[in-house]
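# Overview (structure and organization)
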Amino acid sequence: MELDNHATAAVEDHHQPRRRLCEKGCERPINVCLCDTIPKKPIPTVTKIVILHHPHEQRHKLATVPVLKKCLDNCEVIVGRKLRYGDSELLDSLHDFAVENPDLPFRAIYLFPGKDALPLAEFKLPNSSAGDSDMINCVLVVFDGTWKHAKEMLHASLSFLSKFAIQACLDYDDRIEGGTIFESDLTLRKEPFSGCMSTMEAVARCLRLFEPNGLEIESILTEVLGAMVKFQVSFLKPVKPRPKVLKKTKEDDKKRN
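Residue numbers run consecutively from 1 along every chain, following the written order of its sequence. Two thresholds apply to this predicted model, a pLDDT of at least 70 for residue-level local features and 80 or more for giving and counting side-chain atom pairs, whereas whole-chain, interface and lining totals are computed over all residues. Heavy atoms throughout the structure, all of them, feed into the side-chain values; hydrogens and water do not.

Named according to an unreviewed UniProt entry, the protein is tRNA-uridine aminocarboxypropyltransferase originating from Coffea arabica. On record in UniProt, under Sequence similarities (unreviewed entry), the comment for the protein is "Belongs to the TDD superfamily. DTWD2 family." UniProt positions are given in the numbering used here, feature names are shortened, and annotations may be inferred rather than shown by experiment.

As structure tokens, then:
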């Protein structure tokens, strides 16, 4: 999930004159080109990824989905606020198969934290069984938007999604405050709680578990994400401590000494 951040940096200033975009492949502004980091050819995966991309994220300069789409060969992006029948041939086929074979195990997961979500490390998708050799073995559905938008997108999609997919999650702890761009090489926006991460990082962590060469794929994706973070950090201005905070810090230092 992409998480909201109210901080504004030069890299995402909508009031600046339109900048020249890279025409070599990444289609990002020239000064934040990622062509040297993005794989020359999209990475093939057994896992099929479907991302519901909130319309607001299309305008966000820190969205990772456009870059992720260029990195992965088996990645489908649907722009909208809910998943429904007719949006994706892949999901429609899963829905139809599940309706016709209600006793067979689910063939897809949707990634979202929650008390009913199965930890992803414990999740194993079934192999193809007799009669469905053409079915994909692993489909990962991800919601891309702010935390608020992602929850709305999930709830709006459940009547369709729950027919063929079950909920899973990566490790998280909603009792601990999330990190910021200053605390992690992979964090682009302020996270609401511990374990939240960008869509690109979440997909990378999942592919590490699902793919035969998962560690290699995760490394490539996180390297691209790390390059995005470095560009963003280079545009941020140093923040001076507020007077009260500065005074408190000096008093704490004196006590220690």
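Having seen it, we continue.
Quick look at the overall build of the protein now. Only DSSP runs of H or I with at least four residues qualify as helices, and only runs of E with at least two residues qualify as strands; both kinds are numbered from the N terminus onward. If you tally the helices and strands in the protein, you get 6 helices and 6 strands. When the helices and strands of the protein are read in sequence order from the N terminus, they spell out β-α-β-α-β-β-β-α-β-α-α-α. With an accessible surface of roughly 14,800 Å², the protein has 52% of that area assigned to carbon and sulfur atoms. For the area figures, the Shrake-Rupley method with a 1.4 Å probe applies, and any residue is considered shielded solely by the protein chains shown.

This next bit is on the pairing of strand β3 (residues 108–111). Sheet faces and side chains relate simply in a regular strand, where the side chains alternate between the two faces. Burial of β3 is two-sided: the residues Ala108 and Tyr110 facing one way and the residues Ile109 and Leu111 facing the other way are all buried. Where β3 and strand β5 (residues 139–144) come together, 4 bridges link them in parallel fashion. When the sheet's bridge partners are listed, Ala108 is paired in β5 with Val139. Here the rule is simple: two strands pair whenever DSSP picks up at least two bridges between them. Two strands pair when backbone bridges link them, and β3 and strand β6 (residues 165–169) are joined in this way by 4 bridges, in the parallel orientation. Directly across from Ala108, in β6, lies its bridge partner Ala165. Classification of residues uses two cut-offs on accessible area relative to the type maximum, computed with a 1.4 Å probe and protein chains only: under 20% is buried, over 50% is exposed, and between them is partly exposed.

With 36 residues, the main nonpolar core has Leu34, Ile49, Val67, Cys71, Leu72, Leu120 and Leu221 as its most contacted residues. Those elements giving two or more residues to this core turn out to be β1 (48–53), α1 (65–71), β3, β5, α4 (199–210) and α5 (214–235). The contacts of Val67, once residues within four sequence positions are left out, are Arg28, Leu34, Ile38, Met200, Val224 and Met228. Residue types Ala, Val, Leu, Ile, Met, Phe, Trp, Tyr and Cys, when buried and joined through side-chain atoms within 4.5 Å, form a set referred to as a nonpolar core. Counting residues in each nonpolar core, the second largest holds 22 residues, with Val50, Ile78, Val141 and Leu154 among its members. The contact rule is simple, with two residues in contact once any of their heavy atoms fall within 4.5 Å.

Here we take up the pattern of salt bridges. What makes a salt bridge here is a side-chain nitrogen of Lys or Arg within 4 Å of a carboxyl oxygen of Asp or Glu, nothing more. Overall, the coordinates contain 6 salt bridges when judged by the stated rule. We note a salt bridge from Asp87 to Arg84, for which the minimum N-O separation is 4.0 Å. With a relative accessible area of 44%, Arg84 lands in the partly exposed category. Put simply, Arg205 and Glu201 hold a salt bridge, and the shortest N to O gap is 2.8 Å. Residue Arg205 and its partner Glu201 are located together in helix α4, separated by 4 residues, close to a single helical turn. For Arg205, a relative accessible area of 19% puts it in the buried group.

Cysteine sulfur atoms that pair up within 2.5 Å are treated as a disulfide. Under the criterion given, the structure shown has 0 disulfides. No disulfide involves Cys35; its sulfur sits 3.5 Å from the nearest other cysteine sulfur, which is in Cys22. Relative accessible area serves as the criterion here: at 13%, Cys35 is assigned to the buried category.

In this section: α4. Working rule for helices: expected span equals 1.5 Å times residues minus one. If you check α4, its first and last C-alpha atoms are 16 Å apart, about what 12 residues at 1.5 Å a residue would give, namely 16 Å. Most of α4 sits out of view: 10 of its 12 residues are buried. Residues of α4 that are buried: Thr199, Met200, Glu201, Ala202, Val203, Ala204, Arg205, Cys206, Leu207 and Phe210.

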